[in-house]
Amino acid sequence: MQTNEILETIKMIDEEYLDIRTVTIGISLLDCIDPDIQVACKKVEEKICRVAKDLVPVAEEISRTYGIPIVNKRIAVTPIALLAGACEGDPVEFALTLERCACRLGVDFIGGYSALVQKGYTKGDRKLIASIPEALARTQHVCASVNIGSTKAGINMDAVKEMGEMITKSAELTQDNNCLGAAKLVVFCNAPEDNPFMAGAFHGVGEADAIINVGVSGPGVVRATLAKASKHATMDELADLIKRTAFKITRMGQLVGTVASQKLGIPFGIVDLSLAPTPAIGDSVAYILEEMGLETCGAYGTTACLAMLNDAVKKGGVMATSNVGGLSGAFIPVSEDAGMIAAAQSGVLTLEKLEAMTAVCSVGLDMIVVPGNTPSTIISGIIADEAAIGMVNSKTTAVRIIPAIGKTVGEELDFGGLLGHGPVMLVNMENNAVFVNRGGRIPAPLQALKN
């Protein structure tokens with residue numbers, strides 16, 4: 001590496017918020033299945049604590065050795081619904097087991113309290129989904145996710161209706177803790193099985209017994225790069241700058257993943273290059289879009305700029321490693337992005353505009369705070385719309401929406417840390433006749449059947 005490249009990387013870390021957002025160990029729990037739930041929980045705890053015992057010290061050692069901030073250390077496990085279906089008892093016991101593991105190992109989050117119901121329910125799926133609000137209320141580190149649709153299977157509308165209710169209940173049970181339960185719950189369409197980012201991380205059944213996945217983030221670096229560009233630069237030129245920057249960021253993730261794999265003796269899976277913002281000023285996807293020429297995020301042209309950004313980030317990452325996976329692209333979580341927060345507070349960035357942006361970003365409606373009196377039927381309608389965007393366009397979409405119990409538009413919900421704080425956004429509750437009570441399934445589009 002040339003001296004100027006070393007200095008450039010140091011500047012990215014010191015001044016432009018470049019970091020490894022997470023090193024995540026994915027662990028299969030399929031060999032922990034047992035008809036006795038207490039025995040299954042013991043097996044789960046033993047395996048997680050054995051496989052991930054060195055995750056935190058190794059990540060901290062790598063961070064010290066290379067001078068690279070590693071913000072989160074996380075664990076993702078096999079969807080717990082698969083274990084819950086094989087035994088009698090309350091699935092919350094699994095959530096409490098995962099919480100104990102997280103506390104013992106010192107990780108930031110543990111994901112996989114999940115169910116995959118895009119085509120229908122099993123007994124385990126039904127039990128787990130019904131238990132989500134209590135599980136999230138009784139834990140601090142456990143995250144939950146449910147995949148309710150896919151391009152191949154269509155959308156499970158019964159699950160759409162139920163998840164609207166589960167989100168509302170999760171917020172209600174944690175209203176004394178800033179409705180944190182809903183902030184740890186995400187509803188997917190086309191969920192990836194190798195995603196290291198919470199709250200949607202789980203260890204897919206097609207993955208190895210254990211795997212190392214790395215999530216890299218660097219919106220501050222991309223913004224700084226664009227700020228230095230000529231104000232007369234064309235969109236083609238800006239795209240090339242973003243690709244080159246994404247290449248450099250991804251190489252750092254490749255390095256961390258390779259070293260972590262060697263030290264832990266666990267195979268290296270993927271680098272997820274996702275521009276995931278933080279509440280820090282400057283570390284914002286919204287500010288990147290504004291550097292492209294938008295007066296403010298949410299103005300006309302926002303979706304086009306986001307599409308270009310997402311495409312350039314993915315292309316730059318693919319050039320840097322053959323291990324790109326997960327979500328990889330640009331996240332647009334409102335509460336975690338200072339620029340998004342400012343745009344939402346000014347009224348320029350609306351829920352409807354955010355929905356349009358999800359057609360081209362890497363996930364969907366993420367960390368959106370809505371009034372606490374928003375009916376669960378409206379939340380279900382929002383989930384259905386997002387799932388339809390993902391299904392028809394063969395992309396991942398998701399909803400992580402937080403009803404702020406006791407709050408209304410103009411107020412804020414403060415989660416602290418990486419989750420940040422978010423303004424309560426306006427939801428149009430007039431003339432909202434929703435159709436989700438019909439249940440059944442929205443079938444997959446014809447083009448999916450031809451593939």
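Residues numbered from 1 in each chain as written. Predicted model: local features only at pLDDT ≥ 70, side-chain atom pairs only at ≥ 80, totals over all residues. Heavy atoms only, no water.

(A) Molecular detail of the pairing of strand β10 (residues 365-371). Across the seven residues of β10, seven count as buried, placing the element largely inside the fold. Looking at chain direction, β10 and strand β11 (residues 397-404) are connected through six bridges and run parallel. Its bridge partner lying in β11, P371 is registered against A404. For the segment spanning β10, helix α15 (residues 376-393) and β11, crossover handedness is right-handed. (Buried < 20%, exposed > 50% of the residue type's maximum accessible area, 1.4 Å probe, protein only. Helix = DSSP H or I, 4+ residues; strand = E, 2+ residues; numbered from the N terminus. Pairing = 2+ DSSP bridges. Right-handed = clockwise from strand over helix to strand, strands pointing away.)

(B) Expanded view of the packing of aromatic side chains. Inspection of every chain in the model, using the stated rule, returns one aromatic pair. Centre to centre, the rings of F197 and F331 are 5.2 Å apart; their planes meet at 65 degrees, and the pair counts as edge-to-face. Here F197, found in the loop between β6 (185-189) and β7 (210-217), pairs with F331, found in the loop between β9 (329-330) and α13 (338-346); they are 134 residues apart in sequence, far enough to count as distant. Accessibility expressed as a relative area gives 4% for F197, which makes it buried. Among the residues examined, F331 registers a relative accessible area of 7% and is labelled buried. A cation over an aromatic ring shows up here: R126 above the ring of Y121, its NZ or CZ 4.1 Å from the ring centre. (Phe/Tyr/Trp six-rings, centres within 6.5 Å; stacked < 30°, edge-to-face > 60°. Lys NZ or Arg CZ within 6 Å of the ring centre and 35° of its normal.)

(C) Inspection of the pattern of salt bridges at higher detail. Summed over all chains, the structure comprises 16 salt bridges. Between R100 and E45 there is a salt bridge whose closest N-O contact spans 3.3 Å. Linking R100 in helix α5 (residues 92-105) with E45 in helix α2 (residues 37-51), this pair joins segments that are 55 residues apart in sequence. A residue is classified by how much of its surface remains accessible, and E45, at 17% relative accessible area, is buried. Between R50 and E46 there is a salt bridge, with the nearest N and O atoms lying 2.9 Å from each other. (Salt bridge = Lys/Arg side-chain N within 4 Å of Asp/Glu carboxyl O.)

(D) Molecular detail of unusual backbone geometry. Between M198 and the following residue, A199, the backbone shows a cis peptide bond with an omega angle of 15 degrees. Tracing the sequence through the fold places A199 in the loop between β6 and β7. Even without a glycine there, the phi angle at M367 is positive, about 55 degrees. Mapped onto the elements, M367 comes out in strand β10. Residue classification places M367 among the buried residues on the basis of a relative accessible area of 0%. Positive phi, normally seen in glycine, also occurs at S394, with a value near 55 degrees. If you trace the backbone, S394 turns up in the loop between α15 and β11.

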